Amino acid sequence: MKHLKTFQKKKLFIVVLLILLMLLILIGRLTWIMIFKSEFFGEKAEDLHERERSIKAARGEILDRNGVVLAANQSVCTVSVIHAQIEDEEAVIRMLVKELGMSEETVRARVEKISSIERIKTNVSKETGDAILAYDLAGVKVDVDYKRSYPYDELASRVIGFTGSDNQGILGLEVIYDEYLSGTSGKILTLTDASGIEIEAAGERRQEPVNGDNLVISLDYNIQTYVQQAAETVLEEKSADAVSIILMDPQNGEILAMANVPEYNLNDPYTLNIEADGELTEDENMELLNSMWRNPSISDTYEPGSIFKIITTAAALEENLVSLEESFYCPGYKVVEDRKIRCHKVGGHGAETFTEAIMNSCNPVFIELGLRLGASKFYDYFGQFGLFAKTNVDLPGEASAIMHAEDAIGQVELATISFGQSFQITPLQLITTVSSLINGGTRITPHFGLRVEDADGETLENFSYEQTEGLVSTETSETLQYLLEKVVSEGTGKNGAVEGYSIGGKTATSQTLPRSENKYISSFLAFAPADDPQVIGLVVIYNPQGTYYGGTIAAPVMQEIFEDVLPYLGIE
């Protein structure tokens, strides 16, 4: 019995000891939480009763080289409801239906949805947002937002691009420079009780948004306007499928204008710029939209035709395979293996020097140069001149040249390549390569982005672009300048001459595939001044109706542009 009592006392002592130990642990834990972790758990508790609403950052503007705003922001509102705070559900529904012009069914479904916050409509005008606030209905929130706006609608649409509903870049410069333009959104943090009702005495906490920075580009609003108007005029006059025109500085690659008509309205980018035949399926409509948004100057390849004779000439001069006064004879064709390849002048040019051959754009003479070069050497110059690589322009969707494999280039292929057929490149690749040959031999990178600025106009970052020297010798470059000036002053490019100016250039007329459709591309490339190129331009007219020769219809377009642009740029 005595032993039993002793055992019970020990058992009780152990139980009491365990209880005291647990109490000590609990007190220690509470002390740790209350003293050392109070801030952490306080924030956690606050988070459980904090509602978050986003504050959109204003997107940075896109400015032309002279500060003209090409892409701006318009103040709009986002209308939302907080279900737990609504006091008169029917009044809220009636008001939103009236002010937002939405169906009652749609509004009711969103208002009655039990969620922390439900968005009713975005991109609401500021006037409508203010009118909704004036009702002072509990549970209705109106937050200031921003919508991208483009002051000049269709101007350079395929270059600038546009943004989505979230204000993020989708196409063009808007997507390439999105990291600079987008900024960082802020937050409105509101304390609520357990049922989701805002605690009025607690107020709001704000994390202010950081607006995006501005992008300054090389495009010139006035030059772009000249160029786009000229493109629209020839598109209508020649009932062409499309017209692309590029103007750039051949010394540094800054693109002054890039028009691709028909352009589309940047403020309404989901409406087609052409009339569709009949009802369209969703897939058909999307296909047409993708085609409308596509930039043919960089994304579409074509056979460049006789403008490519500039590249053939450069390679032949570098290899000392021809002299300017060398004599040739053109009977109107040249036989290569089993093929009779014709000159554009059916009766032939007869006896001519090489200088006269380039002035006449004589195919047989350039076929001879191509055969002298040989496939391997010609292929090497393609690589040296950068034709196998992309230009790395700061726009999305650039295409690469389409060229035969070297071992697939026979004599006939070599002959047609020499005057710009049987392979394809983009218009931008063509103008970039010619720029690099006539500027002294420096391969440039075509580009739009110049610098990033803050809202006060202070430069945050200047962009730089790769250049490669030594594509051709200075002598070859100067010879090309001389020859191409002759083309405009005395040869096939006469319609591109500008009174009082020394212009270099080259015409081209190429036939699209399949040849049986008899569709043509007319083009003209020109630069000025011929002996010190400061501006270079390329006009490409797709499927013109009636007369289709580049020297007849494309050269006058560039002439008109240069008559406006050269004095504007201060070129004497």
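A few points on the structure. Quick caveat: nothing in here was measured; it's all calculated off a predicted structure. (Residues numbered from 1 in each chain as written. Predicted model: local features only at pLDDT ≥ 70, side-chain atom pairs only at ≥ 80, totals over all residues. Heavy atoms only, no water.)

1. Quick look at the pairing of strand β16 (residues 459-462)
Which entries qualify depends on this criterion: Whether two strands pair comes down to DSSP finding at least two bridges between them. Where helices and strands are cited, they refer to DSSP runs of H or I of at least four residues and of E of at least two residues respectively, numbered from the N terminus.
As judged from the three bridges shared by strand β15 (residues 449-453) and β16, these two strands associate in the antiparallel manner. Looking at β16, one finds that Arg-451 is bridged to Asn-462.

2. Looking at a negative patch on the surface
Quick note on the threshold: Distance thresholds for patches are 9 Å for like charges and 5 Å for nonpolar side chains (Val, Leu, Ile, Met, Phe, Trp, Tyr), applied to residues having over 30% relative accessible area and no salt bridge. Residue exposure ignores everything except the shown protein chains as possible cover, and the areas themselves are Shrake-Rupley values with a 1.4 Å probe. The salt bridge criterion pairs a side-chain nitrogen of Lys or Arg with a carboxyl oxygen of Asp or Glu, the two atoms within 4 Å. Counted as positive: Lys and Arg. Counted as negative: Asp and Glu, with His and the chain ends omitted from the count. Think of each charge as sitting on NZ of Lys, CZ of Arg, CG of Asp or CD of Glu. To sort residues, take the accessible area from a 1.4 Å probe on protein chains only and compare it with the maximum for the residue type: under 20% means buried, over 50% means exposed, and anything in between is partly exposed.
A cluster of like negative charges, contributed by Glu-236, Glu-237, Glu-499, Glu-560, Glu-563 and Asp-564, occupies part of the molecular surface. For the negative patch, the elements supplying multiple residues, two or more each, are α9 (221-237) and α19 (550-568). A total of three residues in the negative patch trace back to one element, the largest contributor, which is α19. In this structure, Glu-236 sits in helix α9. The exposure class assigned to Glu-236 is exposed, which follows from its relative accessible area of 66%.

3. Examining the sheet that holds strand β17 (residues 504-511)
The line we're drawing: What counts as an axis is a line fitted to C-alpha atoms, over the stretch in contact for a helix, and the angles between N-to-C directions run from 0 to 180 degrees.
Pairing is antiparallel across the open sheet formed by five strands, whose spatial order is β10-β9-β19-β18-β17. Looking at strand neighbours, the two that pair on one side only are β10 (255-261) and β17, the edges of this open sheet. The mean angle between the axes of side-by-side strands here comes to 5°, regardless of whether they run parallel or antiparallel. Looking at chain direction, strand β9 (residues 242-248) and strand β19 (residues 535-542) are connected through seven bridges and run antiparallel. Along β19, the bridge assignment pairs Ala-242 with Tyr-542.

4. Notes on unusual backbone geometry
Cis geometry marks the peptide bond from Leu-513 to Pro-514, where omega comes out at -10°. Topologically, Pro-514 is positioned in the loop between β17 and β18 (520-528). Backbone torsion omega between Ala-528 and Pro-529 reads -15°, so that peptide bond is classified as cis. Within the secondary structure layout, Pro-529 lies in the loop between β18 and β19. Of note in this structure, Asn-123 is not a glycine but carries a positive phi near 55°.

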